Structure formats: structure tokens, C-alpha cells
Amino acid sequence: MKIYIANYDIGSMTPGQESRHQHMLGRQLLQTALSREGIPGDLSDENGLCALTYGLYGKPFLRELPNIQFNISHTKGLVVCAIGTASLGIDAEKIRPYPGSVLRKMTEEERVYIQSAGDQDEAFMRVWTMKEAMIKLTGEGLAAFAAAKCVPGKPLSGMTCRQMLWQGQYVITAIEK
């Protein structure tokens, strides 16, 4: 699995402008990743090798290249794309104070990890991005959120998890199976 990252300056973008910018950057990162993997084609060609289609739960994939897996995530100021040949999911979040009420959706082990950390906001984002990457890997969406048990540093059965702190302000988590 390879991870591609693009930072951007939010500047004076409206939320709608930022959303369009994130979408465009995500497609550019995927196009770059495909090109570096030696895969010719253009994502904008609906009949080409890199034409996108969607799975049962809305997860996109390349119609003509089902063995190539990718996933894209974005948060304020950052867009990431993971690509590989195994099932994968990626999530990125800017570290910010988390609402304590969301701990109800976490397992006891996840709550203990967060509450015992020196930087609870970063710890929360590490757990949150693991859960998000896990459900993006399966393509099942938010319905699977509570069932995903994710504690940083603990092995995931049959999966590999990579986490990184990017520029001291973002947590990026990628999981492949």
C-alpha cells in the first residue's frame, strides 16, 4: 500500500468551495498514484481503463481494474489517497477537541486508551481514524462503526494498520487486509 498526501491552504474558501477543492485534489492524487503504478488512463474517461464505478455500499472502485484498490479521505487542509492490491481504507482527521459524548460509541478498551493518554485529543483521533479506515476498508459505511474495535498499538486480526502524525496536527490511518 502506498499513501499520497496533499496539503492545501483553506484561505477564504467557502465550505462549498473547499468541498469541491478536496474532491479535485482527491482525484488528482488518485490519478498520480495510478500513473506512478504504471496504469495508463484518465479518471474523467467514463469508458476508459480507469472508469469509476461503485460497490453495494457506495465504495468506489475501478471498473476495469478490480485488483487495484484505493481509498481517499479529506479533512480541513489535507487530502490523502491510499492505493494497493489488497482491500484498504484510509482516514485523516485534523486534531481538535473531541466531544466527550462520543465516548459512548467506543468500546471500554478504546475509552481507556483515550482517557489514559497524555494528549487525549490526539488519542481520540487515533482511535476515530482507525475505526473510519476499518469501515472504509469493508465498504459497509457508518453502520459498522460500533462493531469496529480499534485500539492503537493492538494487532488487528489479518490486517495491517499504519498510523502517522502529519505535521503535528493531523492523524492519518491506513488499514489493509
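For clarity, every value in this text was computed on a predicted model and none was experimentally measured. (Residues numbered from 1 in each chain as written. Predicted model: local features only at pLDDT ≥ 70, side-chain atom pairs only at ≥ 80, totals over all residues. Heavy atoms only, no water.)

**Comments concerning the sheet that holds strand β4 (residues 69–75)**
Step number 1: If you trace the 3 strands from one edge of the open sheet to the other, you get β1-β5-β4, paired in antiparallel fashion. Looking at the sheet topology across the chains shown, the edges are occupied by β1 (2–7) and β4. The sheet shows a mean angle of 15° between the axes of neighbouring strands, direction not considered.
Step number 2: Where β1 lies against strand β5 (residues 78–84), 6 bridges are found, and the strand directions are antiparallel. Counted as the bridge partner of isoleucine 5 is valine 80 from β5.
Step number 3: In the packing of helix α1 (residues 15–36) onto the sheet, contacts are made with β1, β4 and β5, and the angle to β5 comes to roughly 30°. (Pairing = 2+ DSSP bridges. Helix = DSSP H or I, 4+ residues; strand = E, 2+ residues; numbered from the N terminus. Axes fitted to C-alpha atoms, helices over the stretch in contact; angles between N-to-C directions. Contact = heavy atoms within 4.5 Å.)

**Looking at the nonpolar core**
Step number 1: Among the nonpolar cores identified, the biggest contains 18 residues, and Leu30, Leu34, Leu62, Ile68 and Ile83 are the most heavily contacted of them.
Step number 2: When contributions to this core are tallied by element, the ones reaching two or more residues are β1, α1 and β5.
Step number 3: Among the elements that take part in this core, α1 stands out by supplying 5 residues, more than any other.
Step number 4: Those residues in contact with leucine 34 that lie beyond four places of it in its chain are Ile39, Leu43, Cys50, Leu62, Ile68 and Ile83. (Core = buried A, V, L, I, M, F, W, Y, C linked by side-chain atoms within 4.5 Å. Buried < 20%, exposed > 50% of the residue type's maximum accessible area, 1.4 Å probe, protein only.)

**Some thoughts on the pairing of strand β6 (residues 88–94)**
Step number 1: With 6 of its 7 residues buried, β6 lies for the most part within the structure.
Step number 2: For β6 and strand β8 (residues 170–176), the ladder comprises 7 bridges, and the chain directions are antiparallel. Residue pairing for β8: glycine 89 is matched across the bridge by isoleucine 175.

**Here we look at the packing of aromatic side chains**
Step number 1: All told, the structure shown has 2 aromatic pairs when counted by the stated rule.
Step number 2: Ring geometry for tyrosine 98 and phenylalanine 124: centres 4.6 Å apart, planes at 15°, overall stacked. Of this pair, tyrosine 98 sits in the loop between β6 and α2 (108–115) while phenylalanine 124 is found in helix α3 (residues 120–138), placing the two residues 26 residues apart along the sequence.
Step number 3: Take tyrosine 98: its relative accessible area is 16%, and that puts it in the buried class.
Step number 4: A relative accessible area of 4% places phenylalanine 124 in the buried class.
Step number 5: Here the aromatic residues Tyr98, Phe124 and Trp128 are joined through ring pairs into a cluster of three or more. (Phe/Tyr/Trp six-rings, centres within 6.5 Å; stacked < 30°, edge-to-face > 60°.)

What is shown is where atoms sit, not what they do.
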